[in-house]
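Structural overview
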Amino acid sequence: MAPAAAPTAAAPPTASAPPAAAPTASAVGPGAARAVAGHRLGPVALVVTGGLSVQFGSAVAVLLMPRAGALGVVTLRLVLAAAVLLIVCRPKVRGYGRADWGTIVAFGAAMAGMNILFYQAADRIPLGAAVTLEVLGPLILSVVASRRLMNLLWAGLALGGVVLLGGGGFDRLDPLGAAFALAAGAMWAAYIVFSARTGRRFPQADGLALAMAFGAVLSLPLGIAEAGDKLLVPSTIGLGLAVALMSSVLPYTLELLALRRLPAPTFAILMSLEPAIAAAAGFLVLSQALSGTDALAIALVIGASMGAVRTQSRRARAEAL
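Throughout this document, residue positions are counted from 1 along each chain, in the order its sequence is written. Note on the predicted model: pLDDT of at least 70 is required for a residue's local features to be given, and 80 or more for side-chain atom pairs to be given and counted; whole-chain, interface and lining totals, by contrast, use all residues. Think of the side-chain values as coming from all heavy atoms in the structure, minus any hydrogens and water.

**Observations concerning the overall build of the protein**
Going along the chain from the N terminus, every DSSP run of H or I of four or more residues is numbered as a helix, and every run of E of two or more is numbered as a strand. What the protein contains, in helices and strands, is twelve helices and zero strands. About 13800 Å² of surface is accessible on the protein, with carbon and sulfur atoms providing 69% of the total. Exposure was quantified through the Shrake-Rupley algorithm and a 1.4 Å probe, taking into account, for residues, occlusion by the shown protein chains and nothing else.

Following this line, the structure appears as structure tokens:
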């Protein structure tokens, strides 16, 4: 779809300014180099915080499913998250071209599809297994998109941890649930791509608010068809709001901000933390115990993520010097 003749909105400062353009080699000392490296590591903290929020929110969503069903939970999550973001951000709708709106539609569809498919999986297989299968999407994206050997090595190590976390038992899972989780992983990869594009085209979290609203519209008929007036029960709405804030508003905002300064391959590798966080959330919220194999798998996944962070830090210091 070709862009409209009218100019699109300017990208936010964090997206348009080259990350390492300000300091020159003669002007940067060790202290400044550390500051630039810290600037690069900031998005990593945003991603990790978002991961903690979304996985514990998913555990709460599993508790909510008996009340509203999987599709009802998705609808509550997206509709309430969209309402919060639209009220807080009050995004402008004028001044954008067709390419900008196309990005919003793609981003919103990716969010809706990712959530619908994941909750269908979580309704059929354990939370840790669902996230383990889902994270294969971002891992494959990191391998395809990366042009650096180290990123490929860290992705391979994370993939080994993901496979080990499955414990060789994926064949015993509900086949449809496993298929939903894998499809959710493909939508997660699309979410990463379009979240980055949205962050570059729209200021602050305006694009996220608009995309969330579109995703909510897509999910609403499905949720009403499955849950009906159960969606209007006050206690269900309250839990749905908690899920919306923990699983959508906070993590998606943090990830969108992070993707403005973090390469997509590195972001995708950091997503390998999700199975570990999901396992912890399952243990603390859903009383799902961890085995020794699970602990080893988590260690591998965390080690791969730490390696990705160190690689990014070293690259930042090298560019600053």
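That covers the picture; the talk isn't over yet.
**Overview of the packing of aromatic side chains**
Pairs were defined over the aromatic rings of Phe, Tyr and Trp, the Trp ring being its six-membered one, requiring ring centres within 6.5 Å. Orientation was assigned from the angle between planes: stacked under 30 degrees, edge-to-face over 60, tilted for the rest. Within the structure shown, the criterion is met by five aromatic pairs. Between Y96 and F202, the ring centres sit 4.4 Å apart and the planes meet at 40°, which makes this aromatic pair tilted. Linking Y96 in the loop between α2 (30-89) and α3 (98-122) with F202 in the loop between α7 (175-201) and α8 (206-227), this pair joins segments that are 106 residues apart in sequence. The class for Y96 is buried, based on a relative accessible area of 13%. Among the aromatic side chains, those forming a connected cluster through ring pairs are Y96, W101 and F202. Each residue gets one of three labels from its accessible area relative to the maximum for its type: buried under 20%, exposed over 50%, partly exposed in between, using a 1.4 Å probe on protein chains only.

**Quick word on the side chain of D100**
Its location among the elements puts D100 in helix α3. Residue class for D100 comes out buried when judged on its relative accessible area of 0%. A polar side-chain atom of D100 sits 3.0 Å from the main-chain amide nitrogen of G97. Here a polar contact means two N or O atoms within 3.5 Å. Within protein one must be a hydrogen donor candidate and the other an acceptor candidate, and residues neighboring in sequence count only if both atoms are side-chain atoms.

**Quick look at the confidence of the model for the protein**
Note on scores: pLDDT gives the predictor's confidence for each residue, bounded by 0 and 100. For the protein, per-residue confidence averages 78 on the pLDDT scale, and 77% of positions sit at 70 or higher. The contact rule is simple, with two residues in contact once any of their heavy atoms fall within 4.5 Å. A low-confidence stretch, residues 1-40 (pLDDT under 50), is modelled with 48 contacts involving residues beyond four sequence positions or located in other chains.

**Considerations on unusual backbone geometry**
Phi is positive for R90, which is not a glycine, with a value near 45°. Here R90 is to be found in the loop between α2 and α3. Classification of R90 as exposed rests on a relative accessible area of 69%. One non-glycine residue, Q204, lies in the positive phi region at around 50°. Examined against the element boundaries, Q204 turns out to sit in the loop between α7 and α8.

**Focus on a nonpolar patch on the surface**
There is a patch of nonpolar side chains on the surface, built from L149, M150, L152 and L153 and spanning about 360 Å² of accessible area. Relative to the assigned elements, L149 resides in helix α6 (residues 149-166). For L149, a relative accessible area of 60% gives the class exposed. Patch members must show over 30% relative accessible area and no salt bridge, and they are joined within 9 Å when carrying like charges or within 5 Å when they are nonpolar side chains of Val, Leu, Ile, Met, Phe, Trp or Tyr. Counted as salt bridges are all cases of a side-chain nitrogen of Lys or Arg within 4 Å of a carboxyl oxygen of Asp or Glu.

**Overview of the environment of A130**
The topology assignment puts A130 in helix α4 (residues 127-134). Spatially, the C-alpha atoms of A130 and L182 are 8.3 Å apart, while their sequence positions differ by 52 residues. Apart from the residues within four sequence positions on either side, A130 is in contact with F118, A121, A122, I125 and A181.

**A look at the pattern of salt bridges**
The tally for this structure, following the rule as stated, stands at one salt bridge. The partner of D100 in a salt bridge is R201, and the shortest N-O contact between them spans 2.7 Å. Residue D100 is located in helix α3, and its partner R201 is located in helix α7; the two are separated by 101 residues in the primary sequence. Residue classification places R201 among the partly exposed positions, given a relative accessible area of 29%.

**Let's talk about the packing of α4 against helix α11 (residues 273-286)**
Relative to each other, α4 and α11 sit at 170°, their axes nearing to 8 Å. Our classification of the angle between α4 and α11 gives roughly antiparallel. When α4 is examined against α11, the residues L127, G128, V131 and T132 are found in contact with a partner set consisting of E274, P275, A278 and L286. Considered class by class, the residues forming the contact of α4 with α11 number five nonpolar, two polar and one charged. Here the axes come from fitting lines to C-alpha atoms, over the contacting stretch only for helices, and the angles between their N-to-C directions go from 0 to 180 degrees. Our angle categories are set so that under 35 degrees counts as roughly parallel, over 145 as roughly antiparallel, 65 to 115 as roughly perpendicular, and the remainder as oblique. All residues other than Ala, Val, Leu, Ile, Met, Phe, Trp, Tyr, Cys, Pro, Asp, Glu, Lys and Arg, Gly among them, are scored as polar; the first ten of these are nonpolar and the last four charged.

**Here we look at α3**
To estimate the expected span of a helix, subtract one from its residue number and multiply by 1.5 Å. For α3, which comprises 25 residues, the first-to-last C-alpha distance of 36 Å matches the rise-based estimate of 36 Å (1.5 Å per residue) to within 8%. Of all the 25 residues making up α3, 19 are buried; the element is thus mostly covered by neighbouring parts of the structure.

**Some words on the packing of α4 against α7**
Where α4 meets α7, the closest approach of the two axes is 7 Å, and the angle between their N-to-C directions is 45°. In terms of their interaxial angle, α4 and α7 are classed as oblique. Along this stretch, α4 crosses α7, giving a crossing that reads as right-handed. Residues A130, L133 and E134 of α4 form the contact with α7, whose own contacting residues are A178, A181, L182, A184, G185 and W188. Across the contact of α4 with α7, the residue classes break down as seven nonpolar, one polar and one charged. Helix crossings get a hand from a simple test, with the near helix turned counterclockwise from the far one by less than a right angle marking a left-handed crossing and a clockwise turn marking a right-handed one.

**Quick word on the nonpolar core**
Residues M111, F118, Y119, Y191, I192, L208 and M212 are the most contacted members of the largest nonpolar core, which totals 77 residues. Sort the elements by how many residues they give to this core and α2 lands first, with 18 residues. For our purposes a nonpolar core is just a set of buried Ala, Val, Leu, Ile, Met, Phe, Trp, Tyr and Cys residues, chained together by side-chain atoms within 4.5 Å.

**A look at α4**
Across the eight residues of α4, eight count as buried, placing the element largely inside the fold. All buried positions along α4 are accounted for by L127, G128, A129, A130, V131, T132, L133 and E134.

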